[in-house]
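Residue strings, one per chain:
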2 protein chains.
Amino acid sequence: MSTASSASRTTREQIVDAADQLFYEQGFDSTSFADIAAAVNLSRGNFYYHFKTKDDLLEAVIEQRLRNTQALLQQWEQQGTQPQDRIRCFIHILIANQARILLYGCPVGTLTTELAKLNHHALDQANAVFTLFRTWLRQQFQAMGRKQDADELAMHVLGRSQGVATLASAFQDEKFLKQEVKRLNQWLQQCVDDAKQ
Amino acid sequence: MSTASSASRTTREQIVDAADQLFYEQGFDSTSFADIAAAVNLSRGNFYYHFKTKDDLLEAVIEQRLRNTQALLQQWEQQGTQPQDRIRCFIHILIANQARILLYGCPVGTLTTELAKLNHHALDQANAVFTLFRTWLRQQFQAMGRKQDADELAMHVLGRSQGVATLASAFQDEKFLKQEVKRLNQWLQQCVDDAKQ
DNA sequence: GACAGCCTAGGACGCTTGTCCTAGGATTCA
DNA sequence: TGAATCCTAGGACAAGCGTCCTAGGCTGTC
């Protein structure tokens, strides 16, 4: 069973999944190999066989997040017929992932913030996840007819979402999260109405 | 010279200042006593005399931030005659602290996010800084005549600012920061106009 | 000059970390 | 049956961490 075609996930995949989750919940720096080893029932020292360094593991986690994000964006692409519907899919992740966001914030934002403080070289890769969302949102606003300021609007939505996640997590405030999602949807509707004129 | 009335700052104050800055730039967890000792030219082991534990030091840092924040809010209180002018003072810190925000994000948001992931007991204290801003902003909106939704508006401003800081730092994007400050000021003006009616 | 209190340098401690090595079990194929 | 490959457990390692102790240098008071 050397190929990935096995029915059950490979050990490597299990490690990446566990690391992905723990990096999100505890942060990258304070998640140790021992933590991950315990999560997948593996001996700590044996990690070297699968990942030469902790940074290699981080890169694998980020690559997985990039793939997952791309798959998510493709799914939204098919889900919504109008661009504004697709953007609403994005906004809706705040609701869909509410429980985790209240506990741990935004997985993208918290990782990039941490890596920036650590001066970690994988920061650019982590930022690429943001860029995926940014580019996709920009395309949606372009499709809405906002050719001129599509990128500005994309960044605006991205920023608003970041703020909501950070503050909702800090205050453990579900009501605030829902309020802001409503506001953001209202703002989006305003955009649609403006574009029609 | 056992009192704080000395012209030069006490060693303890120097330590807290250095820790404050380093916790902001590198994060709490990855800032070691050795780092702080080097910053104030002190031997590492000697820290025990001033602070029994690292958590004690963190608490001192947060208390200093609380005092500084309160002083800042009082200053704004006197600076602006109208409540909307005072709120603009708050929004303006994104511009005033632009350079540091682009490098390290928001000092309040990044600390609370980190402490939440570390499950650190000082999280509540750190959140109190947010609460200072929240309460103060709420009072300004109340003074503007928005009695009903003053807290919601306060949280909205706080959230928007958080998002701007996070994303501006991630993308190292000064233009985005300025754009969003402009948008936020426009939004505030809309609030003022709405309240007049 | 003797004493007391404040503050310091330097190093020891136990622990955890990421990294790396080695011996051997399990499986596959000839 | 024998060899080769894949994967594992367990532990060694050097380094860094927060914490803590001790001896001694300052400084002011009697």
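Going by the structure above, here's the rest.
The structure reproduced in this document is the subject of the present report. The residue numbering used here restarts from 1 in each chain and proceeds along that chain's sequence as written. Chains and ligands are labelled by the order in which they are written, letters from A for the one and numbers from 1 for the other. The predicted nature of this model means local features are confined to residues of pLDDT at least 70 and side-chain atom pairs, given and counted, to a pLDDT of 80 or more, with totals for whole chains, interfaces and linings taken over all residues. Side-chain descriptors were evaluated using all non-hydrogen atoms of the structure, hydrogens and water having been removed beforehand.

1. Some thoughts on unusual backbone geometry
Line of reasoning, step 1. Non-glycine residue asparagine 41 of chain A carries a positive phi angle of around 55°.
Line of reasoning, step 2. When you line up the elements, asparagine 41 of chain A lands in the loop between α2 (33-40) and α3 (47-50).
Line of reasoning, step 3. One non-glycine residue with positive phi stands out, namely glutamine 172 of chain B, at about 50°.
Line of reasoning, step 4. Put simply, DSSP H or I for four residues or longer makes a helix, DSSP E for two residues or longer makes a strand, and each gets a number counted from the N terminus. Here glutamine 172 of chain B lies in the loop between α9 (150-171) and α10 (174-196).

2. Observations concerning the relation of the copies chain B and chain A
Line of reasoning, step 1. For the least-squares superposition of copies, only C-alpha atoms count, and only for residues with pLDDT at least 70 in both. For the pair chain B and chain A, the best superposition has an RMSD of 0.0 Å and corresponds to a rotation of 180° with a translation of 0.0 Å parallel to the axis. Both copies of the chain, as the preceding transformation shows, are related through a two-fold rotation axis. Every residue of chain B has its C-alpha some distance from the rotation axis, and the shortest such distance is that of glycine 163 of chain B, at 1.9 Å.
Line of reasoning, step 2. The criterion used for residue contact is that any of the two residues' heavy atoms lie within 4.5 Å. An overlap of 100% is found between the interface residues of chain B and their copies at the interface of chain A, pointing to a shared contact surface.

3. A few points about the environment of cysteine 106 of chain A
All names here are of chain A.
Line of reasoning, step 1. Counting through the fold element by element, cysteine 106 comes out in the loop between α6 (98-104) and α7 (107-118).
Line of reasoning, step 2. The rule is simple: take the accessible area with a 1.4 Å probe, protein chains only, and divide by the maximum for that residue type; under 20% is buried, over 50% is exposed, in between is partly exposed. Relative accessible area serves as the criterion here: at 15%, cysteine 106 is assigned to the buried category.
Line of reasoning, step 3. Put simply, cysteine 106 and serine 161 are 55 residues apart on the chain and 8.8 Å apart in space, counted from C-alpha to C-alpha.
Line of reasoning, step 4. Those residues in contact with cysteine 106 that sit more than four places away from it in its chain are Tyr24, Gln162 and Ala165.

4. Re the interface of chain B and chain A
Line of reasoning, step 1. The interface of chain B with chain A comprises 36 residues on the first partner and 36 residues on the second.
Line of reasoning, step 2. Throughout, the accessible surface (probe 1.4 Å) given up by two parts as they are put together, summed over both, is called the buried area. Summed over both sides, the interface between chain B and chain A buries roughly 3100 Å², with carbon and sulfur atoms accounting for 59% of that surface.
Line of reasoning, step 3. The largest contributions to the chain B side of the interface with chain A come from Lys117, Phe171 and Arg183 of chain B, which together make up 22% of the buried area.
Line of reasoning, step 4. The salt bridge criterion pairs a side-chain nitrogen of Lys or Arg with a carboxyl oxygen of Asp or Glu, the two atoms within 4 Å. Taken together, chain B and chain A are joined by 2 salt bridges.
Line of reasoning, step 5. The partner of arginine 183 of chain A in a salt bridge is glutamate 152 of chain B, and the shortest N-O contact between them spans 3.3 Å.
Line of reasoning, step 6. For the purposes of these results, a polar contact is taken to be a pair of N or O atoms within 3.5 Å, where, inside protein, one atom must be able to donate a hydrogen and its partner to accept one; residues adjacent in sequence count only when each atom of the pair is a side-chain atom. Taken together, the links from chain B to chain A amount to 14 residue pairs in polar contact (both at pLDDT 80 or more).
Line of reasoning, step 7. Mapped by element, the contributors of at least two residues to the side of chain B that touches chain A are α1 (11-26), α7 (107-118), α8 (123-143), α9 and α10 of chain B.
Line of reasoning, step 8. Among the elements that make up the side of chain B that touches chain A, the one with the highest residue count is α9 of chain B (13 residues).
Line of reasoning, step 9. Here the residues of the side of chain B that touches chain A are counted per class, giving 13 nonpolar, 14 polar and 9 charged. Gly falls in the polar group here, along with every residue not listed as nonpolar (Ala, Val, Leu, Ile, Met, Phe, Trp, Tyr, Cys, Pro) or charged (Asp, Glu, Lys, Arg).

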